Amino acid sequence: MTPGNINRLYQKLAKNLSEAKSELVFKNHYELLISVILSAQSTDKTVNKVTPSLFSLCPTPTEMLALGKSKLAKIIKPIGLAPAKSKNIINTCKILLEKHNGRVPDRSEE
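1. Concerning the overall build of the protein chain
For step 1, the next point in the chain: Looking only at helices and strands, one finds 6 helices and 0 strands in the protein chain.
For step 2, the next point in the chain: Scanning the protein chain from its N terminus toward the C terminus, one meets helices and strands in the order α-α-α-α-α-α.
For step 3, the next point in the chain: Along the first, second and third principal axes, the C-alpha atoms of the protein chain reach 50 × 30 × 25 Å.
For step 4, the next point in the chain: Intrachain contacts of the protein chain at a sequence separation of at least 6 include 51% that bridge at least 24 residues.
For step 5, the next point in the chain: The average position of the 17 basic charges and that of the 9 acidic charges among the side chains of the protein chain differ by 8 Å.

Have a look at this one:
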C-alpha cells in the first residue's frame with residue numbers, strides 16, 4: 001500500500017469508527033498501560049475481571065514492584081502467560097520509576 005492509500009483508509013476508518021473505544025476498564029494512564037500489557041493474547045473481558053483487585057493492591061508502580069513478580073504472576077494467572085507478563089509489568093514499573101518519576105509519559109517518544 002502506498003502512503004496515500006494508507007492515509008485515505010485511515011481517514012475513512014476514523015470517520016466511520018468515531019465512537020470506537022477500548023473495552024478495557026481503567027482510571028488512569030498507569031492502569032491503561034498495565035491493562036494493555038495484560039491483554040496480549042487474552043480478551044479485554046478476562047483482563048477486566050482481574051484488574052480491579054490488582055489495582056486495589058497496586059495502584060502505583062511502587063506498589064507493583066513491592067508486590068513482586070511471583071505474587072503478581074499468581075494474581076494474573078487467569079489471564080494467561082503470567083510469567084512473561086509479570087516480568088514485563090515489573091520491568092515497566094521499574095522504567096516508570098527510574099526514568100519518569102512513576103508516571104506514564106504523555107508522549108510516546110518519552
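There is more to say, and it comes next.
2. Here we look at helix α2 (residues 29–39)
For step 1, the next point in the chain: Every buried residue of α2 is accounted for by Tyr30, Glu31, Ile34, Ser35, Ile37, Leu38 and Ser39.
For step 2, the next point in the chain: Turning to α2, the residues buried within the fold contact α3 (44–57), α4 (61–67), α5 (69–76) and α6 (82–100).
For step 3, the next point in the chain: Its side-chain oxygen at 3.1 Å from the backbone nitrogen of Tyr30, Asn28 defines the N-terminal cap of α2.

3. Points about α6
For step 1, the next point in the chain: A rise of 1.5 Å per residue sets the reference length of α6, with its 19 residues, at 27 Å; its end C-alpha atoms lie 25 Å apart and thus fit the reference within 8%.
For step 2, the next point in the chain: Along α6, the residues that are buried comprise Ala82, Lys85, Ser86, Ile89, Ile90, Thr92, Cys93, Leu96 and His100. All buried residues of α6 fall inside an arc of 160° around its axis, so they share one side. Facing away from the buried side of α6 by over 90 degrees, the exposed positions are Pro83, Glu98 and Lys99.
For step 3, the next point in the chain: Check the buried side of α6 and you find it contacts α2, α4 and α5.
For step 4, the next point in the chain: Immediately beyond the C-terminal end of α6, within one or two residues, lies Asn101, with a positive phi of roughly 55°.

Procedures and definitions
Residues numbered from 1 in each chain as written. Predicted model: local features only at pLDDT ≥ 70, side-chain atom pairs only at ≥ 80, totals over all residues. Heavy atoms only, no water. Helix = DSSP H or I, 4+ residues; strand = E, 2+ residues; numbered from the N terminus. Contact = heavy atoms within 4.5 Å. Lys, Arg positive; Asp, Glu negative; His and termini not counted. Charge placed at Lys NZ, Arg CZ, Asp CG, Glu CD. Buried < 20%, exposed > 50% of the residue type's maximum accessible area, 1.4 Å probe, protein only. Polar contact = N/O pair within 3.5 Å; in protein donor to acceptor, adjacent residues only side chain to side chain. Expected span 1.5 Å × (residues − 1). Arc of directions from axis to C-beta.

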